[in-house]
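Here are the chains, one letter per residue:
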Amino acid sequence: MALTSRFFASASTTVTRSSLYGFRYLHQGFRSPYSRKMSTTASLSSLNQAQAAMGGLKLLVTEGPRAQKMVGGWLFGCAAWVFSMVVLGGVTRLTRSGLSMTDWKFTGSLPPLSEENWRLEFEKYQQSPEYKRVNKGMNIEDFKFIYWMEYAHRMWGRGLGIAFALPLTYFLAKGYITRQLGLRLAALFALGGGQGLIGWWMVKSGLEEPVSEYVQPRVSPYRLATHLTSAFVIYCGLLWTALSVVMPEPPSGSLGWVSGAAKVRKLALPLSALVGITAVSGAFVAGNDAGHAYNTFPKMGDVWVPEDIFSLEPLVRNFFENTSTVQLNHRILATTSLFSIGGLWLATRKLDIHPAVRSVIGSTLGMAVLQVSLGISTLLSYVPVTLASAHQAGALTMLTLMILLTHSVRKPAPALLKSLPSLPRSG
(Lines give C-alpha, C1' and ligand atoms only; values in the text may rest on other atoms or scores of the structure.)
Protein backbone atom coordinates (compact mmCIF):
# COMPACT_ATOMS: atom_id res chain seq x y z
CA MET A 1 0.00 0.00 0.00
CA ALA A 2 2.88 2.37 0.74
CA LEU A 3 4.28 1.75 -2.73
CA THR A 4 0.84 2.36 -4.23
CA SER A 5 0.45 5.60 -2.32
CA ARG A 6 3.87 6.82 -3.50
CA PHE A 7 2.95 5.95 -7.08
CA PHE A 8 -0.33 7.90 -6.94
CA ALA A 9 1.36 10.84 -5.21
CA SER A 10 4.11 10.94 -7.83
CA ALA A 11 1.67 10.61 -10.72
CA SER A 12 -0.60 13.27 -9.30
CA THR A 13 2.33 15.67 -8.88
CA THR A 14 3.42 15.08 -12.47
CA VAL A 15 -0.07 15.73 -13.85
CA THR A 16 -0.47 18.84 -11.70
CA ARG A 17 2.87 20.28 -12.81
CA SER A 18 2.04 19.60 -16.42
CA SER A 19 -1.38 21.22 -16.05
CA LEU A 20 0.11 24.32 -14.43
CA TYR A 21 2.67 24.47 -17.22
CA GLY A 22 -0.13 24.34 -19.77
CA PHE A 23 -2.16 27.01 -17.95
CA ARG A 24 0.90 29.28 -17.87
CA TYR A 25 1.28 28.74 -21.58
CA LEU A 26 -2.35 29.72 -22.09
CA HIS A 27 -1.62 33.10 -20.58
CA GLN A 28 1.52 33.44 -22.68
CA GLY A 29 -0.64 32.81 -25.73
CA PHE A 30 -2.23 36.22 -25.19
CA ARG A 31 1.00 38.16 -24.94
CA SER A 32 1.04 38.92 -28.65
CA PRO A 33 1.13 42.55 -29.88
CA TYR A 34 -2.59 42.22 -30.52
CA SER A 35 -3.29 41.16 -26.93
CA ARG A 36 -1.07 43.90 -25.50
CA LYS A 37 -3.13 46.35 -27.49
CA MET A 38 -6.24 44.76 -25.98
CA SER A 39 -4.93 45.23 -22.44
CA THR A 40 -4.19 48.89 -23.10
CA THR A 41 -7.58 49.76 -24.53
CA ALA A 42 -9.61 47.60 -22.11
CA SER A 43 -9.35 50.27 -19.41
CA LEU A 44 -11.93 52.42 -21.18
CA SER A 45 -15.01 52.85 -19.00
CA SER A 46 -17.50 52.21 -21.77
CA LEU A 47 -17.92 48.67 -23.05
CA ASN A 48 -18.85 49.91 -26.51
CA GLN A 49 -15.71 52.04 -26.69
CA ALA A 50 -13.59 49.10 -25.57
CA GLN A 51 -15.11 46.79 -28.15
CA ALA A 52 -14.46 49.29 -30.92
CA ALA A 53 -10.85 49.74 -29.85
CA MET A 54 -10.30 46.01 -29.68
CA GLY A 55 -11.58 45.28 -33.13
CA GLY A 56 -14.92 43.81 -32.14
CA LEU A 57 -13.80 41.59 -29.25
CA LYS A 58 -16.65 41.22 -26.75
CA LEU A 59 -15.41 41.17 -23.15
CA LEU A 60 -17.52 39.78 -20.31
CA VAL A 61 -16.09 42.30 -17.81
CA THR A 62 -15.80 46.06 -18.21
CA GLU A 63 -13.52 48.59 -16.49
CA GLY A 64 -10.19 47.11 -17.58
CA PRO A 65 -7.70 44.37 -16.70
CA ARG A 66 -7.89 44.91 -12.92
CA ALA A 67 -11.64 44.26 -12.88
CA GLN A 68 -11.10 41.33 -15.20
CA LYS A 69 -8.64 39.74 -12.75
CA MET A 70 -10.90 40.40 -9.75
CA VAL A 71 -13.97 38.83 -11.33
CA GLY A 72 -11.96 35.96 -12.80
CA GLY A 73 -10.27 35.21 -9.48
CA TRP A 74 -13.62 35.25 -7.69
CA LEU A 75 -15.12 32.79 -10.20
CA PHE A 76 -12.10 30.47 -10.00
CA GLY A 77 -12.44 30.55 -6.21
CA CYS A 78 -16.14 29.63 -6.44
CA ALA A 79 -15.30 26.78 -8.83
CA ALA A 80 -12.70 25.49 -6.36
CA TRP A 81 -15.32 25.74 -3.59
CA VAL A 82 -17.72 23.58 -5.63
CA PHE A 83 -14.88 21.09 -6.21
CA SER A 84 -14.37 20.81 -2.46
CA MET A 85 -18.15 20.48 -1.97
CA VAL A 86 -18.25 17.48 -4.29
CA VAL A 87 -15.34 15.81 -2.50
CA LEU A 88 -16.88 16.52 0.93
CA GLY A 89 -20.21 15.15 -0.30
CA GLY A 90 -18.45 11.98 -1.41
CA VAL A 91 -16.83 11.53 1.99
CA THR A 92 -20.21 12.17 3.64
CA ARG A 93 -21.80 9.42 1.56
CA LEU A 94 -18.91 6.96 2.01
CA THR A 95 -19.02 7.34 5.81
CA ARG A 96 -22.81 6.80 5.71
CA SER A 97 -23.36 10.22 7.26
CA GLY A 98 -25.86 11.63 4.78
CA LEU A 99 -29.00 10.36 6.53
CA SER A 100 -28.02 11.50 10.02
CA MET A 101 -30.02 14.75 9.79
CA THR A 102 -33.68 13.89 9.38
CA ASP A 103 -35.00 17.39 8.63
CA TRP A 104 -33.96 20.37 6.50
CA LYS A 105 -34.33 24.14 6.48
CA PHE A 106 -33.38 26.30 3.51
CA THR A 107 -31.58 28.86 5.69
CA GLY A 108 -29.98 26.25 7.93
CA SER A 109 -29.89 26.20 11.72
CA LEU A 110 -27.44 26.04 14.60
CA PRO A 111 -26.07 22.61 15.49
CA PRO A 112 -26.99 20.98 18.83
CA LEU A 113 -25.26 23.00 21.56
CA SER A 114 -26.24 21.00 24.63
CA GLU A 115 -26.48 17.36 25.61
CA GLU A 116 -30.27 17.69 25.65
CA ASN A 117 -30.28 18.95 22.06
CA TRP A 118 -27.98 16.12 21.01
CA ARG A 119 -30.30 13.62 22.68
CA LEU A 120 -33.29 14.98 20.76
CA GLU A 121 -31.44 14.79 17.43
CA PHE A 122 -30.32 11.25 18.21
CA GLU A 123 -33.89 10.23 19.03
CA LYS A 124 -35.02 11.53 15.62
CA TYR A 125 -32.30 9.46 13.92
CA GLN A 126 -33.28 6.37 15.92
CA GLN A 127 -36.68 6.49 14.22
CA SER A 128 -35.08 6.30 10.76
CA PRO A 129 -34.82 3.06 8.73
CA GLU A 130 -31.03 3.38 8.58
CA TYR A 131 -30.66 3.26 12.35
CA LYS A 132 -33.09 0.35 12.69
CA ARG A 133 -31.52 -1.78 9.96
CA VAL A 134 -27.88 -0.70 9.77
CA ASN A 135 -26.78 1.20 12.87
CA LYS A 136 -28.87 -0.47 15.59
CA GLY A 137 -27.07 0.03 18.90
CA MET A 138 -25.01 3.04 17.75
CA ASN A 139 -24.00 5.25 20.69
CA ILE A 140 -24.43 9.00 20.75
CA GLU A 141 -20.72 9.72 20.26
CA ASP A 142 -20.69 7.80 16.97
CA PHE A 143 -23.87 9.61 16.00
CA LYS A 144 -22.19 12.97 16.61
CA PHE A 145 -19.50 12.11 14.04
CA ILE A 146 -21.93 11.33 11.21
CA TYR A 147 -24.10 14.32 12.19
CA TRP A 148 -21.16 16.71 12.02
CA MET A 149 -20.18 15.33 8.60
CA GLU A 150 -23.62 16.01 7.13
CA TYR A 151 -23.91 19.36 8.92
CA ALA A 152 -20.54 20.47 7.54
CA HIS A 153 -21.57 19.49 4.01
CA ARG A 154 -24.81 21.48 4.25
CA MET A 155 -23.23 24.58 5.80
CA TRP A 156 -20.32 24.51 3.36
CA GLY A 157 -22.90 24.74 0.58
CA ARG A 158 -24.65 27.66 2.22
CA GLY A 159 -21.28 29.34 2.68
CA LEU A 160 -20.71 29.04 -1.05
CA GLY A 161 -24.00 30.83 -1.66
CA ILE A 162 -22.79 33.78 0.43
CA ALA A 163 -19.33 33.75 -1.20
CA PHE A 164 -21.05 33.93 -4.58
CA ALA A 165 -23.80 36.46 -3.83
CA LEU A 166 -21.85 39.14 -1.93
CA PRO A 167 -19.03 39.67 -4.47
CA LEU A 168 -21.58 39.48 -7.29
CA THR A 169 -23.54 42.31 -5.69
CA TYR A 170 -20.35 44.37 -5.36
CA PHE A 171 -19.28 43.79 -8.97
CA LEU A 172 -22.75 44.69 -10.23
CA ALA A 173 -22.70 47.89 -8.19
CA LYS A 174 -19.28 48.79 -9.63
CA GLY A 175 -20.54 48.16 -13.16
CA TYR A 176 -17.99 45.42 -13.91
CA ILE A 177 -20.49 42.83 -15.11
CA THR A 178 -21.85 42.92 -18.66
CA ARG A 179 -25.41 41.86 -19.41
CA GLN A 180 -24.22 38.62 -21.02
CA LEU A 181 -22.15 37.67 -17.98
CA GLY A 182 -24.90 38.78 -15.60
CA LEU A 183 -27.42 36.43 -17.18
CA ARG A 184 -24.96 33.55 -17.04
CA LEU A 185 -24.15 34.20 -13.37
CA ALA A 186 -27.85 34.50 -12.51
CA ALA A 187 -28.46 31.07 -14.05
CA LEU A 188 -25.55 29.57 -12.08
CA PHE A 189 -26.82 31.16 -8.85
CA ALA A 190 -30.30 29.69 -9.46
CA LEU A 191 -28.76 26.27 -10.08
CA GLY A 192 -26.80 26.60 -6.85
CA GLY A 193 -29.94 27.46 -4.89
CA GLY A 194 -31.76 24.55 -6.47
CA GLN A 195 -28.92 22.23 -5.54
CA GLY A 196 -29.85 22.50 -1.87
CA LEU A 197 -33.42 21.47 -2.66
CA ILE A 198 -32.19 18.57 -4.80
CA GLY A 199 -29.93 17.48 -1.94
CA TRP A 200 -32.83 17.30 0.50
CA TRP A 201 -35.01 15.57 -2.13
CA MET A 202 -32.24 12.98 -2.37
CA VAL A 203 -31.82 12.54 1.40
CA LYS A 204 -35.59 12.25 1.88
CA SER A 205 -35.64 9.14 -0.32
CA GLY A 206 -33.22 7.46 2.11
CA LEU A 207 -35.48 8.20 5.08
CA GLU A 208 -38.32 6.13 3.62
CA GLU A 209 -38.85 2.48 4.48
CA PRO A 210 -37.26 0.17 1.87
CA VAL A 211 -39.59 -1.98 -0.22
CA SER A 212 -38.12 -5.17 1.27
CA GLU A 213 -36.90 -6.09 4.74
CA TYR A 214 -33.75 -7.49 3.14
CA VAL A 215 -32.81 -4.17 1.47
CA GLN A 216 -30.60 -1.67 3.27
CA PRO A 217 -31.92 1.91 3.41
CA ARG A 218 -30.16 4.17 0.93
CA VAL A 219 -30.97 7.19 -1.18
CA SER A 220 -32.47 6.76 -4.63
CA PRO A 221 -29.71 6.27 -7.23
CA TYR A 222 -31.67 8.51 -9.60
CA ARG A 223 -31.78 11.33 -7.06
CA LEU A 224 -28.11 10.88 -6.13
CA ALA A 225 -27.16 11.01 -9.82
CA THR A 226 -29.28 14.15 -10.25
CA HIS A 227 -27.60 15.79 -7.26
CA LEU A 228 -24.08 14.93 -8.44
CA THR A 229 -24.75 15.80 -12.08
CA SER A 230 -26.14 19.17 -11.01
CA ALA A 231 -22.91 19.80 -9.06
CA PHE A 232 -20.87 18.86 -12.14
CA VAL A 233 -22.90 21.28 -14.28
CA ILE A 234 -22.42 24.13 -11.78
CA TYR A 235 -18.69 23.43 -11.53
CA CYS A 236 -18.19 23.27 -15.30
CA GLY A 237 -20.27 26.42 -15.77
CA LEU A 238 -18.22 28.36 -13.22
CA LEU A 239 -14.92 27.13 -14.63
CA TRP A 240 -15.85 27.89 -18.25
CA THR A 241 -17.09 31.35 -17.29
CA ALA A 242 -13.95 32.09 -15.26
CA LEU A 243 -11.76 31.06 -18.20
CA SER A 244 -13.84 33.22 -20.55
CA VAL A 245 -13.38 36.22 -18.25
CA VAL A 246 -9.60 36.01 -17.91
CA MET A 247 -8.93 34.63 -21.41
CA PRO A 248 -11.49 36.12 -23.82
CA GLU A 249 -9.68 34.60 -26.79
CA PRO A 250 -8.06 31.16 -27.16
CA PRO A 251 -4.26 30.88 -27.46
CA SER A 252 -3.40 31.35 -31.11
CA GLY A 253 -0.10 32.82 -32.34
CA SER A 254 -0.47 31.85 -36.00
CA LEU A 255 -3.04 30.76 -38.58
CA GLY A 256 -1.36 27.35 -38.62
CA TRP A 257 -2.00 26.89 -34.90
CA VAL A 258 -5.62 28.03 -35.33
CA SER A 259 -6.09 25.45 -38.09
CA GLY A 260 -4.60 22.75 -35.84
CA ALA A 261 -6.90 23.80 -32.98
CA ALA A 262 -9.93 23.41 -35.28
CA LYS A 263 -8.94 19.78 -35.95
CA VAL A 264 -8.48 19.14 -32.21
CA ARG A 265 -11.87 20.72 -31.52
CA LYS A 266 -13.67 18.14 -33.68
CA LEU A 267 -12.23 15.40 -31.47
CA ALA A 268 -12.35 17.20 -28.12
CA LEU A 269 -16.08 17.99 -28.13
CA PRO A 270 -17.38 14.38 -28.39
CA LEU A 271 -14.61 13.24 -26.05
CA SER A 272 -15.75 15.79 -23.45
CA ALA A 273 -19.27 14.36 -23.69
CA LEU A 274 -17.88 10.84 -23.19
CA VAL A 275 -15.93 11.91 -20.08
CA GLY A 276 -19.06 13.60 -18.70
CA ILE A 277 -21.22 10.51 -19.30
CA THR A 278 -18.58 8.36 -17.61
CA ALA A 279 -18.63 10.65 -14.57
CA VAL A 280 -22.44 10.47 -14.38
CA SER A 281 -22.32 6.67 -14.67
CA GLY A 282 -20.09 6.74 -11.59
CA ALA A 283 -22.96 8.42 -9.72
CA PHE A 284 -25.14 5.37 -10.43
CA VAL A 285 -22.32 3.11 -9.22
CA ALA A 286 -22.34 5.08 -5.96
CA GLY A 287 -26.14 5.18 -5.74
CA ASN A 288 -26.43 1.39 -6.10
CA ASP A 289 -23.37 0.62 -3.92
CA ALA A 290 -22.14 -1.23 -7.00
CA GLY A 291 -18.51 -0.77 -6.00
CA HIS A 292 -18.98 -3.37 -3.27
CA ALA A 293 -19.82 -6.06 -5.82
CA TYR A 294 -17.40 -7.84 -8.17
CA ASN A 295 -14.24 -6.65 -6.45
CA THR A 296 -12.04 -8.17 -9.15
CA PHE A 297 -10.48 -6.84 -12.33
CA PRO A 298 -10.51 -7.20 -15.30
CA LYS A 299 -13.11 -9.96 -14.89
CA MET A 300 -16.27 -9.54 -12.84
CA GLY A 301 -15.87 -12.47 -10.52
CA ASP A 302 -15.08 -15.46 -12.73
CA VAL A 303 -16.74 -14.09 -15.86
CA TRP A 304 -16.34 -11.15 -18.22
CA VAL A 305 -20.06 -10.37 -18.34
CA PRO A 306 -22.40 -11.42 -15.49
CA GLU A 307 -25.47 -13.42 -16.48
CA ASP A 308 -27.95 -11.16 -14.67
CA ILE A 309 -27.24 -7.90 -16.49
CA PHE A 310 -30.71 -7.87 -18.06
CA SER A 311 -32.66 -9.46 -15.21
CA LEU A 312 -34.89 -6.45 -14.42
CA GLU A 313 -38.04 -5.44 -16.27
CA PRO A 314 -38.46 -3.23 -18.16
CA LEU A 315 -35.04 -3.57 -19.79
CA VAL A 316 -33.99 0.07 -19.31
CA ARG A 317 -34.06 -0.29 -15.49
CA ASN A 318 -30.98 -2.51 -15.64
CA PHE A 319 -28.79 0.39 -16.75
CA PHE A 320 -29.67 2.41 -13.64
CA GLU A 321 -30.70 -0.08 -10.93
CA ASN A 322 -29.02 -3.41 -11.66
CA THR A 323 -25.74 -3.59 -9.71
CA SER A 324 -24.07 -5.84 -12.28
CA THR A 325 -25.10 -3.74 -15.27
CA VAL A 326 -24.26 -0.42 -13.63
CA GLN A 327 -20.75 -1.56 -12.75
CA LEU A 328 -20.20 -3.13 -16.18
CA ASN A 329 -21.33 0.11 -17.86
CA HIS A 330 -18.91 2.15 -15.79
CA ARG A 331 -16.03 -0.20 -16.60
CA ILE A 332 -16.77 0.00 -20.32
CA LEU A 333 -17.19 3.79 -20.32
CA ALA A 334 -14.01 4.35 -18.27
CA THR A 335 -11.95 2.08 -20.52
CA THR A 336 -13.40 3.71 -23.64
CA SER A 337 -12.58 7.16 -22.26
CA LEU A 338 -8.99 6.14 -21.52
CA PHE A 339 -8.38 4.71 -24.98
CA SER A 340 -10.15 7.64 -26.66
CA ILE A 341 -7.96 10.14 -24.85
CA GLY A 342 -4.95 8.06 -25.80
CA GLY A 343 -6.17 8.17 -29.40
CA LEU A 344 -6.51 11.96 -29.20
CA TRP A 345 -2.94 12.24 -27.93
CA LEU A 346 -1.64 10.06 -30.76
CA ALA A 347 -3.72 11.87 -33.39
CA THR A 348 -2.36 15.28 -32.36
CA ARG A 349 1.31 14.36 -32.04
CA LYS A 350 2.07 15.48 -35.59
CA LEU A 351 -0.44 18.33 -35.71
CA ASP A 352 0.82 21.90 -35.73
CA ILE A 353 -0.87 23.19 -32.55
CA HIS A 354 -0.18 25.75 -29.84
CA PRO A 355 2.18 24.42 -27.10
CA ALA A 356 -0.52 25.17 -24.51
CA VAL A 357 -3.00 22.91 -26.26
CA ARG A 358 -0.41 20.15 -26.61
CA SER A 359 0.42 20.42 -22.91
CA VAL A 360 -3.24 20.15 -21.86
CA ILE A 361 -3.73 17.06 -24.04
CA GLY A 362 -0.70 15.42 -22.40
CA SER A 363 -2.01 16.32 -18.95
CA THR A 364 -5.41 14.87 -19.79
CA LEU A 365 -3.88 11.57 -20.87
CA GLY A 366 -1.80 11.39 -17.68
CA MET A 367 -4.86 12.14 -15.55
CA ALA A 368 -6.93 9.53 -17.41
CA VAL A 369 -4.32 6.85 -16.62
CA LEU A 370 -4.27 7.94 -12.97
CA GLN A 371 -8.09 8.01 -12.76
CA VAL A 372 -8.50 4.50 -14.17
CA SER A 373 -5.77 3.27 -11.80
CA LEU A 374 -7.59 4.86 -8.88
CA GLY A 375 -10.86 3.25 -9.95
CA ILE A 376 -9.32 -0.22 -10.18
CA SER A 377 -7.54 0.21 -6.84
CA THR A 378 -10.77 1.39 -5.20
CA LEU A 379 -12.61 -1.67 -6.51
CA LEU A 380 -9.93 -4.18 -5.51
CA SER A 381 -9.67 -2.62 -2.03
CA TYR A 382 -13.43 -2.86 -1.36
CA VAL A 383 -14.03 0.90 -1.62
CA PRO A 384 -12.01 2.49 1.21
CA VAL A 385 -12.99 6.09 1.92
CA THR A 386 -9.60 7.54 0.97
CA LEU A 387 -9.32 5.88 -2.45
CA ALA A 388 -12.99 6.32 -3.29
CA SER A 389 -12.81 10.04 -2.43
CA ALA A 390 -9.67 10.41 -4.53
CA HIS A 391 -11.46 8.66 -7.41
CA GLN A 392 -14.38 11.10 -7.19
CA ALA A 393 -11.96 14.04 -7.10
CA GLY A 394 -10.25 12.50 -10.12
CA ALA A 395 -13.53 12.58 -12.05
CA LEU A 396 -13.81 16.32 -11.44
CA THR A 397 -10.16 16.78 -12.40
CA MET A 398 -10.85 14.98 -15.69
CA LEU A 399 -13.78 17.33 -16.33
CA THR A 400 -11.53 20.28 -15.47
CA LEU A 401 -8.95 19.28 -18.05
CA MET A 402 -11.57 18.63 -20.73
CA ILE A 403 -13.12 22.06 -20.08
CA LEU A 404 -9.66 23.63 -20.30
CA LEU A 405 -8.96 21.79 -23.55
CA THR A 406 -12.25 22.66 -25.25
CA HIS A 407 -11.95 26.27 -24.08
CA SER A 408 -8.43 26.58 -25.50
CA VAL A 409 -9.42 25.31 -28.97
CA ARG A 410 -12.37 27.66 -29.50
CA LYS A 411 -12.56 29.58 -32.76
CA PRO A 412 -10.89 33.00 -32.36
CA ALA A 413 -12.70 36.24 -33.15
CA PRO A 414 -12.46 37.39 -36.80
CA ALA A 415 -10.53 40.50 -35.77
CA LEU A 416 -7.87 38.34 -34.10
CA LEU A 417 -7.64 36.01 -37.12
CA LYS A 418 -6.91 38.97 -39.41
CA SER A 419 -3.98 40.01 -37.23
CA LEU A 420 -2.28 36.58 -37.10
CA PRO A 421 0.76 35.61 -39.19
CA SER A 422 0.74 32.41 -41.23
CA LEU A 423 3.52 30.94 -39.10
CA PRO A 424 4.25 31.42 -35.37
CA ARG A 425 6.79 34.12 -34.60
CA SER A 426 10.02 32.79 -33.13
CA GLY A 427 11.33 33.98 -29.81
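Here the structure is a predicted model, which is why all the values come from computation and not from measurement. (Residues numbered from 1 in each chain as written. Predicted model: local features only at pLDDT ≥ 70, side-chain atom pairs only at ≥ 80, totals over all residues. Heavy atoms only, no water.)

1. Topic: unusual backbone geometry
The omega torsion of the bond from Phe297 to Pro298 falls at 10°, within 30 degrees of zero and hence cis. Position of Pro298 relative to the elements: it lies in the loop between α10 (255-287) and α11 (318-321). With an omega of -5°, the peptide bond running from Glu313 to Pro314 counts as cis. Examined against the element boundaries, Pro314 turns out to sit in the loop between α10 and α11. Phi is positive for Tyr382, close to 65°, though the residue is something other than glycine. Relative to the helices and strands, Tyr382 is located in the loop between α13 (355-380) and α14 (385-408). (Helix = DSSP H or I, 4+ residues; strand = E, 2+ residues; numbered from the N terminus.)

2. So, the confidence of the model for the chain
Summarising the model, the chain shows a mean pLDDT of 85, and 85% of its residues fall at 70 or more. Averaged pLDDT values for the elements of the chain fall to 35 in helix α2 (residues 33-41) and rise to 97 in helix α12 (residues 323-347). Predicted confidence is poor over residues 1-25, with pLDDT under 50, and the contacts of this stretch with residues over four places away or in other chains come to 24 contacts. Within the model, pLDDT remains below 50 along residues 27-55, and this stretch shows 44 contacts once partners closer than five positions in the same chain are excluded. (pLDDT = per-residue confidence, 0-100. Contact = heavy atoms within 4.5 Å.)

3. Concerning the environment of Arg158
On the secondary structure map, Arg158 appears in helix α7 (residues 140-174). Taking C-alpha positions, Arg158 is 8.9 Å from Gly193, a pair spaced 35 residues apart along the chain. Here Arg158 is in contact with Trp104, Lys105, Phe106, Thr107 and Gly108, once residues within four sequence places are set aside.

4. Description of the nonpolar core
Grouped together as the largest cluster of nonpolar side chains are 74 residues, with contacts concentrated most on Val71, Trp74, Leu75, Leu185, Leu238 and Leu405. Every element with two or more residues in this core is listed here: α4 (65-94), α7, α8 (179-206), α9 (221-246), α10, α12, α13 and α14. For this core, the element with the highest residue contribution is α9, accounting for 13 residues. Counting ten residues, the second largest nonpolar core, distinct from the first, contains Met101, Trp118, Tyr131 and Ile146. (Core = buried A, V, L, I, M, F, W, Y, C linked by side-chain atoms within 4.5 Å. Buried < 20%, exposed > 50% of the residue type's maximum accessible area, 1.4 Å probe, protein only.)

5. Concerning the pattern of salt bridges
Applying the stated criterion across every chain, the model contains eleven salt bridges. With its nearest N and O atoms 3.5 Å apart, the salt bridge here joins Glu121 to Lys124. Here the residue Glu121 and the residue Lys124 both occupy positions in helix α5 (residues 115-126), the gap between them amounting to three residues, near one helical turn. Residue classification places Glu121 among the buried residues on the basis of a relative accessible area of 14%. Asp289 is paired through a salt bridge with Arg218; the nearest N and O atoms lie 3.7 Å apart. With Asp289 in the loop between α10 and α11 and Arg218 in the loop between α8 and α9, this residue pair connects regions lying 71 residues apart in the sequence. (Salt bridge = Lys/Arg side-chain N within 4 Å of Asp/Glu carboxyl O.)

6. So, α10
Taking 1.5 Å per residue as the helical rise, α10 with its 33 residues ought to reach 48 Å, and the 48 Å between its terminal C-alpha atoms agrees with that figure. Where α10 bends most, the angle comes to about 30°, and this point is Arg265. Just beyond α10, the residue with positive phi is Asp289, at close to 50°. (Expected span 1.5 Å × (residues − 1). Bend = angle between axes of the 7 residues up to and from the residue.)

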